[in-house]
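One letter stands for each residue in the lines below.
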Amino acid sequence: MKSNITRRNFLRITGLTAAGIIAGSHRYAAKETGSRPNIIFILADDLGYGDIGCLNSESKIPTPNLDKLASQGMTFTDAHSSSSLCSPTRYGILTGRYSWRSRRQGGALWSFDPPLIEEGRLTFPQYLKNKGYHTACFGKWHLGMNWHDKEGNILENTGSEKGWNIDFSRPLKNGPTSRGFDYFFGTDAPNYPPYCYIENDRTIGIPTEAKPTSMYGVPGIMLKDWDLYKVLPEIEKRAVNYINRESKSDNSFFLYLPLTAPHTPIVPIEEHLGKSQAGLYGDFVHQVDAIVGNILKTLDQNNLTENTLLIFTSDNGSPNIDGFGSPSADGSYMEGEKGYGIKYGHNSSYIFRGKKADVWEGGHRIPFFVRWPDRIKAGSKTDEVVCLTDLFATCAAIFGDKLPDSAGEDSYNILPVLTGERINGKLREATVHLSGDGSFSIRQGKWKMEITPGSGGGGTLSAQTAMRNGLPMIQLYNLEEDIGEKNNLFDKYPDVVFRLTKLLEKYVKNGRSTPGTPQKNTGEPDIWRSLNVRNEKFSTNKVEHIAIGKKVKLLNDVELKFSKDGANVLTDGIRASSWFDDGYWTAVEGGDMEYLLDLGEIKQINNVSAGFLEAQSYWIFYPKNVELSLSLDGKSFSNSQIIKRTALKENDIREIKNFSASFKNKKCRYIKMKAVGQKICPQWHKGAGGKAWVCADEIIVE
Ligand SMILES: [Ca+2]
Ligand SMILES: [Ca+2]
């Protein structure tokens, strides 16, 4: 904040407080100090490049306001988020540093997670605050904060169900207002608990209710009468009020506006229904467009347009092309509808491969428009590669500053591109992207290398399926000739693979990708990690035992999934890998599994084992217990043994375990195996209340 007498105070002192005079003075002041623009950064959530009319002539969604914005500023056709998921991209925007240098490599934050932005790190808003800006954030934070439990301690084990043990009357710590914002209003994430607004370091009201199952979102604590449809309009209204208010202030302002749309819950308000030809998702995008229109109008009304640097972009690609386009606020279609976008002939990913969470372009190539009439030529266009981490250094450059070595380590100044000083040549040496599952990719010029055999996002092409199909672990594409990333050239250009690998390794090692003194990473990034884990655990193994090839059938009324050959995979002599979708698992959702194995004749046995998978991040748990019993005739069973699992606890490792029973020299022809599943994910699990899976791979008889 300024320490000298501000113009507002001066006017107050001299009695010249009529609104018109203040606005007029401010207008003059803005012109005079053209190097201190107001900055508005609008971040849509999960909006695809192909959703916008002026970027995709085939879009089924009218976006007149975004089209207008593009015509008044600069359009980037090769802009990228640093990650294809929410939290990591947001980290990159506010810090100018790749998120994989933080404590996390991959995935988004969950409810009540601690802050991802490290304490003491200079953020983009803090920098502007130091310059005398008023800094405000309205919308979706999704970067974590510290909550207190009812004993007054900082909550350590986080997850959606932890809300019940939180003391919401206490202020939260290390949230937005401790990371550079003077003011915050919004939600952590609209599809997670707590379902309530947060203002600065307090929730507005005390959530006490459980989210009804008829409402979209992860189960958890909610403010009474919470209405998902009101969230985005409330954020919009308050942001507009903020601009109106700040227009009368002397300070320049920074408004960070991370919208909650068109991410799920898909909740377009009535006036947008039917306004697109792309279903509810399209209507929600239409609402985003209208909000942009409202912001533009508000700037005009306050005479702020000329000297406001306005950026509109998205935090990652859209998931719309094959699902998640339709989950409704009432909880129906929770998983989305397969092929939703395609059904409407609308491709949110435009010509790019993949979607949200993927390592391919569809995951992270984003719409990016910048308007600043004072400095940027209207209707200009560039194919310069830029990344959302670049905003920090760019803003510093507006003030003629260079960032300190310990800040914005992956932030390039794109001001020369914006002002048209630089039309050709590459600004960034190279750009790194992180996919949803933590796979790395690096782009340099026309070359893009991806360290994963699949999509990197799980959904489109899982690493498992890719490996089963014999796809190589590395992908290399020439984007100039192959924008759809179809033709993997990794084996034709080993020199390029080598060069990009070395460059990526250098970026990791140096703690930065921009010139400057090397810095330390917060976590321990490893570009090969996701690959190594998969490689080592991918393999299926053979096992010898006397039940191989014998008949086995399912006795209870459940649906077997993920098996390529029904119950037969239980006696094929192949141990499954630690990936549930390798074809060698039999999986049951939300229930038990009961099998009858027929050895064909009476045999003497010593031991029976049943193999199970635990992969909590995929909602898969060992059974509560496994009962093994023997029979000579298939009717009366004896020698029943129950093997209990050890205490159920949080464990993010995928492992396979045998539930074994010793039957020394027992004779039998039939063996019954009953596995009692967990059925429901436990309270501490991220899928709390949802159905749990149980997966069996082999009944080993010795
Ligand atoms: Ca997102
Ligand atoms: Ca098997």
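Residues numbered from 1 in each chain as written. Chains lettered and ligands numbered in written order. Predicted model: local features only at pLDDT ≥ 70, side-chain atom pairs only at ≥ 80, totals over all residues.

Caption draft 1: Fine view of the overall build of the protein. When you go through the protein residue by residue, the secondary structure sums to 14 helices and 27 strands. What you see for the protein is a C-alpha radius of gyration of 28 Å, in line with the 27 Å of a compact globule of 702 residues. With the C-alpha coordinates of the protein rotated into their principal frame, the extents come out at 105 × 60 × 50 Å. When burial is assessed residue by residue, the protein has 51% of its 702 residues classed as buried. (Helix = DSSP H or I, 4+ residues; strand = E, 2+ residues; numbered from the N terminus. Rg over C-alpha atoms; globule rule 2.2 N^0.38 Å. Buried ≥ 20, exposed ≤ 12 C-beta atoms within 10 Å, placed from the backbone.)

Caption draft 2: Summary view of the nonpolar core. By size, the foremost hydrophobic cluster in this structure holds 99 residues, and its most contacted members are Phe41, Ile42, Leu255, Leu257, Leu259, Val288 and Val292. No other element matches the 10 residues that helix α7 (residues 279-301) contributes to this core. Those residues in contact with Val288 that sit more than four places away from it in its chain are Ala44, Leu47, Leu259, Ala261 and Pro262. By size, the runner-up hydrophobic cluster in this structure holds 43 residues, among which are Ala576, Val588, Leu630 and Cys668. (Core = buried A, V, L, I, M, F, W, Y, C linked by C-beta atoms within 7 Å. Contact = placed C-beta atoms within 7 Å.)

Caption draft 3: Quick look at the domain arrangement of the protein. Domain annotation of the protein identifies domain 1 (33-446 + 453-529) and domain 2 (539-701). The straight-line distance from the C-alpha centre of domain 1 to that of domain 2 is 42 Å. Counting residues at the interface gives 10 residues for domain 1 and nine residues for domain 2. (Domains from an automatic or database assignment.)

Caption draft 4: Looking closely at helix α4 (residues 86-95). In terms of burial, α4 is a largely internal element, 10 of the 10 residues being buried. Every buried residue of α4 is accounted for by Cys86, Ser87, Pro88, Thr89, Arg90, Tyr91, Gly92, Ile93, Leu94 and Thr95. Considering only its buried residues, α4 is in contact with α5 (124-130), β9 (253-258), α10 (391-398) and β14 (431-434).

Caption draft 5: Representation of the pairing of strand β27 (residues 693-701) within the structure. Counted residue by residue, β27 has nine buried out of nine residues, so it is predominantly covered. Here four bridges tie strand β22 (residues 584-589) to β27, and the two strands are oriented antiparallel to one another. Bridge assignment links Glu589 to a residue of β27, and that residue is Trp693. Across four bridges, strand β23 (residues 593-614) lies against β27 in antiparallel orientation. Bridge pairing in β27 links Ser609 to Ile700. (Pairing = 2+ DSSP bridges.)

Caption draft 6: Main features of the packing of helix α3 (residues 64-72) against α7. Here α3 crosses α7 at 50°, and the two axes come no closer than 7 Å. In terms of orientation, α3 and α7 fall into the oblique class. Within the contact between the two elements, α3 uses Pro64, Asn65, Leu66 and Leu69 and α7 uses Asp289, Ala290, Val292, Gly293 and Leu296. Along the lines of polarity and charge, the residues of the contact of α3 with α7 split into six nonpolar, two polar and one charged. (Axes fitted to C-alpha atoms, helices over the stretch in contact; angles between N-to-C directions. Parallel < 35°, antiparallel > 145°, perpendicular 65-115°, else oblique. Nonpolar A, V, L, I, M, F, W, Y, C, P; charged D, E, K, R; others polar.)

Caption draft 7: Spatial organisation of the sheet that holds strand β16 (residues 447-450). Sheet architecture is open: four strands sit in the order β14-β15-β16-β17, paired in antiparallel fashion. Looking at which strands have only one partner, the edges of the open sheet turn out to be β14 and β17 (475-478). Direction aside, the axes of adjacent strands within the sheet are offset by 15° on average.

Caption draft 8: Molecular detail of the environment of Ala357. Here Ala357 shows up in the loop between α8 (340-343) and α9 (361-364). A count of 28 C-beta atoms within 10 Å places Ala357 in the buried class. As a C-alpha pair, Ala357 and Phe637 span 280 residues in sequence and 50 Å in three-dimensional space.

Caption draft 9: Summary view of the pairing of β16. Across four bridges, strand β15 (residues 440-444) lies against β16 in antiparallel orientation. Within β16, the residue paired with Ile442 across the bridge is Met449. With antiparallel pairing between neighbouring strands as the criterion, β15 and β16 make up a hairpin whose turn holds two residues, including Gly445 at a positive phi of roughly 60°. Sheet topology note: the β16/β17 ladder contains four bridges and is antiparallel. Bridge pairing in β17 links Trp447 to Asn478.

Caption draft 10: How the structure looks around unusual backbone geometry. Following Ala261, the chain continues to Pro262 via a peptide bond in cis, the omega torsion being 0°. Here Pro262 is to be found in the loop between β9 and α7. Note the cis peptide between Thr264 and Pro265, where omega equals -5°. Here Pro265 is to be found in the loop between β9 and α7.

Caption draft 11: Up close: the packing of helix α6 (residues 228-246) against α7. Running from N to C, α6 and α7 cross one another at 15°; their axes reach a closest spacing of 10 Å. Between α6 and α7, the angle falls in the class roughly parallel. Here α6 and α7 pass one another in a crossing that is right-handed. Of the residues in α7, those touching α6 at Leu232, Glu236, Val240, Ile243 and Asn244 are Gln287, Ile291, Asn294, Thr298 and Leu299. Looking at the contact of α6 with α7 residue by residue, the class counts come to five nonpolar, four polar and one charged. (Left-handed = near helix turned anticlockwise from the far one by under 90°.)

Caption draft 12: Focus on the environment of Asp557. Position of Asp557 among the secondary structure elements: in the loop between β19 (551-554) and β20 (561-563). Since 7 C-beta atoms lie within 10 Å of it, Asp557 is described here as exposed. Put simply, Asp557 and Glu594 are 37 residues apart on the chain and 9.0 Å apart in space, counted from C-alpha to C-alpha.

Caption draft 13: Main features of the environment of Ile671. With respect to the helices and strands, Ile671 occurs in strand β26 (residues 655-676). You can call Ile671 buried: it has 27 C-beta atoms within 10 Å. Not counting residues within four places of it along the chain, the set of residues in contact with Ile671 comprises Leu597, Val608, Leu628, Leu630, Ile699 and Val701.

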